[in-house]
Amino acid sequence: MPPPRLLLLLIPFLLLAPPAAPQPAPGSGSGAAPQEDDLRCLRGVKKELVDPDGRLSSWDFTNTSASVVCNYNGITCWNPQESRVISLSLSGFGLQGALPSSLQYCRAATTLDLSGNALSGPIPPALCDWVPFLVSLDLSSNALSGPLPAELANCRFLNSLKLAGNQLSGQIPASLARLDRLKSLDLSGNRLDGQIPPQLGANFGKDSFSGNSGLCGRPVSSRCGKGLGGAGLGIVIAAGVFGAAASLLLAYFFWRCTGKGKGGRRRQRRGGSESGGAAVEDGSWWAERLRAAHNRLAPVSLFQKPIVKVKLADLMAATQDFNTSHIVVAGSSRAGTAYQAVLRDGSALTVKRLHSCPLSEKAFRAEMGRIGQLRHPNIVPLLGFCVVEDERLLVYKHMESGALSSVMKKPGEAPLDWATRLRIAVGAARGLAWLHHGFQVPQIHQNLSSSAVLLDEDYEARITDVGLTRLVRMAPGEGGDTSPFLNGDFGEFGYVAPEYASNPVGTMKGDAYAFGVILFELVSGQEAAAVVTDVTGEGFKGTLVDWVNQLKASGRIGDVVDKPLRGKGHDKEIEEFLKVAFACTQPRPKERYSMYRAYHSLKGIGQGRDVSEQFDEFPLSYNKEDSDTM
């Protein structure tokens, strides 16, 4: 009997169907597996460490529901609904033993604080493979010994590394200088020796290295090398005098033969020891190369033809050779450093120097052409760019009021009123919705934060750093063929969607999560990664999303609202605003609002507040049908 007609139609699809997906690796999947891995981690930590004070006695694994596990002493979860550990803060628990190998099952954790205990033994070289997304690592005030592992450089998202007060020995690995997100470093009170890596010495003060008598080099001493006795010193002085005389004779002979006693070449040689020294001191050593005459004449490519041509020399004059006093708080520190530049005609620009751009000049110019076409009232316009040797400079329109992150925490200034905060939210949502739904292929930001939302002189929101994540990926062979989130562009701490810990591929819903965090910042006045819960400066151990969810679960959602906003007659609007923020930060991406829906929801709240004007020339035409499932 011939097979049914329907079966004949299904046979090709059955033959082409992919095999069953393999089981996720520890910490890499979703659903129940990551929870089981985290439970395995906590069981192992409790088993491997000696707990003489019984501080881990609350870790009772007979009941492993999320509501119980997330309330373990010292444990913070990504969100109260699932037991995925984001933080192990066991400071001062009196724990003894070696660093537990079971930490490898807490792969999603971003904070590991085991300071003030009695831990011993070496720091495992595989620690950053076990917990790859660490943002804060504190192992200070223990009895750890052995060398500093060079593999600590694999913790690419570290903002804070504290290893003070141990018995660590040997040299400081030069690889630690690759931790370009590192803002806090403390290696004091150990037995380290040798020269401090120059880049670490330039970025951190003397206190970071004090108490290590064997260390030398900046900033603890001017040079490295053993002292000389009287005879040895005499030999050195004599050799120096003889060498100096020989050098002078050779230089005079060269000058007479070439006739270039005062040419630009000599000035270029001297640059490293004269003005170059100051450049290194102020952090702009890279600008020394740009001072060469042939570089200063390099043109600045502008997307709209200017009345007067702009050259690199104009940008250098406008920034005082990229002096650190011109650095502005605008955009992502990961993407690059931004400088305010005021040209001779009084016009203000923002010049951003990319920290790392492995693209060839041809590929870079092609990307600039693509990004330069993105024009929207809520996007900071890219005006042009300049390519000089291996340096890549971007020229933006300057936003007078700076970044939202800095405006929200300016000391001594009146806090933003509710109407302004709502207008900022609608403007940022409109810009991001256009990136997601104004193109057939969505433009994903991938590094959104309140530092990437800039404000003009009228406090209208504009999103910056659009498209920059694609420019700072690492070169092939160093991870360039992987997701930018694995290459150090994981996003700013506090804004990273939970799914990125196991599936770090940029998505529209990942952007929506970061936007929801910005909404929480606007309504609460708190920072995404550092919540202050009382006037004494006491901090909440977790992110802003953790804090908000905790208050919601305890029926205290009103405490989320910034005090200056309370009792001003905006309670209904703030309540609706918070609903949008919660909808954007749902743990599961499929349950999250799209930016299309978030924008229209916020616009509805702002009806009658001059925040709902339409931009007909920027329609949201694409991906609307799938906008809440992508």
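All figures in this text were calculated on a predicted structure; none of them were measured in a lab. (Residues numbered from 1 in each chain as written. Predicted model: local features only at pLDDT ≥ 70, side-chain atom pairs only at ≥ 80, totals over all residues. Heavy atoms only, no water.)

With the rule as written, the count across this model stands at 2 disulfides. Two residues, Cys41 and Cys106, share a disulfide whose sulfurs are 2.1 Å apart. Its S-S torsion of about -105° marks the bond between Cys41 and Cys106 as left-handed, since a negative value means left-handed. Taken as a pair, Cys41 in helix α2 (residues 32-48) and Cys106 in the loop between β3 (96-97) and β4 (111-113) lie far apart in primary sequence, 65 residues in all. Grouping residues by exposure puts Cys41 and Cys106 together as buried. (Disulfide = S-S within 2.5 Å. Helix = DSSP H or I, 4+ residues; strand = E, 2+ residues; numbered from the N terminus. Buried < 20%, exposed > 50% of the residue type's maximum accessible area, 1.4 Å probe, protein only.)

Attention now moves to helix α17 (residues 571-584). Under the 1.5 Å per step criterion, the end-to-end length of α17 is 20 Å for 14 residues, consistent within 8% with the ideal 20 Å. Check the buried side of α17 and you find it contacts α14 (418-437), α15 (508-524), α16 (544-553) and α18 (595-605). (Expected span 1.5 Å × (residues − 1). Contact = heavy atoms within 4.5 Å.)

The tally for this structure, following the rule as stated, stands at 10 aromatic pairs. Summarising the aromatic geometry, the rings of Phe133 and Phe157 are spaced 5.8 Å apart at their centres and angled 25° between planes, so their arrangement reads as stacked. You can see Phe133 sitting in the loop between α4 (127-130) and β6 (136-138) and its partner Phe157 sitting in the loop between β7 (143-147) and β8 (160-162), a full 24 residues away along the chain. Note on Phe133: relative accessible area 7%, which makes it buried. A relative accessible area of 6% places Phe157 in the buried class. Centre to centre, the rings of Phe303 and Phe385 are 6.0 Å apart; their planes meet at 45°, and the pair counts as tilted. (Phe/Tyr/Trp six-rings, centres within 6.5 Å; stacked < 30°, edge-to-face > 60°.)

In this section: the sheet that holds β3. Pairing in this open sheet of 6 strands is parallel, and the strands run β3-β5-β7-β9-β11-β12 from one edge to the other. Taken across any chain shown, the strands that pair with only one partner, and hence form the sheet edges, are β3 and β12 (214-216). Judged from the 2 bridges that link them, strand β5 (residues 118-121) and β7 form a sheet pairing that is parallel. Bridged to Ser120 within β7 is Ala143. (Pairing = 2+ DSSP bridges.)

Direction vectors running N to C along α17 and α18 enclose 175°, while the axes themselves pass 10 Å from each other. Relative to α18, the element α17 is oriented roughly antiparallel. Between α17 and α18, the residues in contact are Glu573, Glu576, Phe577, Val580 and Cys584 and Ala598, Ser601, Leu602 and Ile605, respectively. (Axes fitted to C-alpha atoms, helices over the stretch in contact; angles between N-to-C directions. Parallel < 35°, antiparallel > 145°, perpendicular 65-115°, else oblique.)

Attention now moves to the environment of Ser524. Structurally, Ser524 is set in helix α15. Spatially, the C-alpha atoms of Ser524 and Val548 are 9.2 Å apart, while their sequence positions differ by 24 residues. Among residues more than four places away in sequence, those in contact with Ser524 are Leu544, Trp547, Val560 and Asp562. At 2.6 Å, the side chain of Ser524 forms a polar contact with the backbone oxygen of Phe520. (Polar contact = N/O pair within 3.5 Å; in protein donor to acceptor, adjacent residues only side chain to side chain.)

Residue position: Pro122 is located in the loop between β5 and α4. When near neighbours in sequence (up to four residues on either side) are disregarded, Pro122 contacts Leu99 and Ser145.

For the pair α14 and α15, interaxial distance at closest approach is 10 Å and the crossing angle is 175°. In terms of axis orientation, α14 runs roughly antiparallel to α15. Side by side, α14 and α15 meet where Trp418, Arg421, Ile424, Ala425, Ala428, Ala429, Leu432, His436 and His437 of the first sit next to Met508, Asp511, Phe515, Leu519, Leu522 and Val523 of the second. Considering only residue class, the contact of α14 with α15 consists of 11 nonpolar, 2 polar and 2 charged. (Nonpolar A, V, L, I, M, F, W, Y, C, P; charged D, E, K, R; others polar.)

So, on to the pattern of salt bridges. Evaluation of the coordinates by the stated rule reveals 10 salt bridges. Across the pair Arg423 and Glu460 runs a salt bridge whose closest N-O atoms are separated by 3.4 Å. Residue Arg423 is located in helix α14, and its partner Glu460 is located in the loop between β19 (453-455) and β20 (461-463); the two are separated by 37 residues in the primary sequence. Given a relative accessible area of 23%, Glu460 falls into the partly exposed group. Here Glu576 ties to Lys572 by a salt bridge, and the two come within 3.8 Å at their closest N and O atoms. Pair noted here: Glu576 and Lys572 are both in helix α17, with a separation of 4 residues, about one helical turn. Judged by relative accessible area, Glu576 falls into the partly exposed class, the value being 27%. For Lys572, a relative accessible area of 56% gives the class exposed. Salt bridges linked by common partners bring Lys572, Glu576 and Lys579 together as one network. (Salt bridge = Lys/Arg side-chain N within 4 Å of Asp/Glu carboxyl O.)

Let us now look at the nonpolar core. Formed by 63 residues in total, the largest nonpolar core has its most connected members in Phe515, Leu519, Phe577 and Leu602. Listed by contribution, the elements that provide at least two residues to this core are α13 (404-408), α14, β19, β20, α15, α16, α17 and α18. Ranked by residues supplied to this core, first place goes to α14 with 11 residues. Not counting residues within four places of it along the chain, the set of residues in contact with Leu602 comprises Leu422, Ala425, Val426, Ala429, Phe515, Leu519, Phe577 and Val580. (Core = buried A, V, L, I, M, F, W, Y, C linked by side-chain atoms within 4.5 Å.)

This part covers the sheet that holds strand β15 (residues 348-354). Strands sit in the order β13-β16-β17-β15-β14 across an open sheet of 5 strands; the sheet is antiparallel. Bordering the open sheet on either side are β13 (301-302) and β14 (336-342), each of which pairs with just one other strand. Relative to strand β17 (residues 391-397), strand β16 (residues 382-388) runs antiparallel, the two being bridged by 6 bridges. Looking at the pairing, Cys386 lines up with Leu393 of β17.

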